[in-house]
Amino acid sequence: MKFEIIDKSTFQVKINTSYKRINKENQTNIIKELLLLIKKRYAIDIYGFYEVNIYTYNNLFTIMLFKRINRDDSFYNTIDLKIINHSKELDIIIDDFILKNTKNIYKICEHYYIKNLNLHY
């Protein structure tokens, strides 16, 4: 899992499917678990209403973009989520020839980068 703060109201979480596999049935529970983990690990106040944009690529990884929507009705550090699933095509680049020819998903998940990743920020 990789956590990155983009600005005051936006942050991004990248997850390899070897860590957590997110689908539409379990995505709400996994997102809540991840937010609690981020609150504990990084001591960040996460509360309010968040729009969560989810991008998944071929069972390799998931990118979640959290954008806080200012609302005045959030009391007692509650978290509300609006989840949006996207099917945007991403260009994955794997530099190592040996990794390109392997079927081992766990090796590929650790050695890639995304060309021109421009989601919503």
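### Some thoughts on the confidence of the model for the protein
Then step 1. Looking at the protein as a whole, the pLDDT averages 77, with 67% of positions reaching at least 70.
Then step 2. Within the protein, the lowest mean pLDDT, 54, falls on helix α2 (residues 97–101), and the highest, 90, falls on helix α1 (residues 27–42).

### What to know about α1
Then step 1. Under the 1.5 Å per step criterion, the end-to-end length of α1 is 22 Å for 16 residues, consistent within 8% with the ideal 22 Å.
Then step 2. All of the buried residues in α1 are Q27, I30, I31, L34, L35 and I38. Axial view of α1: buried residues confined to an arc of 135°, hence all on one face. Relative to its buried face, α1 has exposed residues pointing more than 90 degrees away, namely N29 and K40.
Then step 3. Of the surrounding elements, those touching the buried residues of α1 are β1 (2–7), β2 (10–16), β3 (48–57), β4 (61–69) and β5 (79–86).

### A look at the packing of aromatic side chains
Then step 1. In total, this model carries 5 aromatic pairs according to the counting rule given.
Then step 2. Consider the rings of Y50 and F66, whose centres lie 6.5 Å apart with planes at 80°: the pair is edge-to-face. One end of the pair, Y50, is in strand β3; the other, F66, is in strand β4, with 16 residues separating them in the sequence.
Then step 3. Accessibility expressed as a relative area gives 4% for Y50, which makes it buried.
Then step 4. We classify F66 as buried; its relative accessible area is 1%.
Then step 5. Taken together, the ring pairs in this structure connect F3, F11, Y42, Y50 and F66 into an aromatic cluster.

Cut-offs and rules
- Residues numbered from 1 in each chain as written.
- Predicted model: local features only at pLDDT ≥ 70, side-chain atom pairs only at ≥ 80, totals over all residues.
- Heavy atoms only, no water.
- pLDDT = per-residue confidence, 0-100.
- Helix = DSSP H or I, 4+ residues; strand = E, 2+ residues; numbered from the N terminus.
- Expected span 1.5 Å × (residues − 1).
- Buried < 20%, exposed > 50% of the residue type's maximum accessible area, 1.4 Å probe, protein only.
- Arc of directions from axis to C-beta.
- Contact = heavy atoms within 4.5 Å.
- Phe/Tyr/Trp six-rings, centres within 6.5 Å; stacked < 30°, edge-to-face > 60°.

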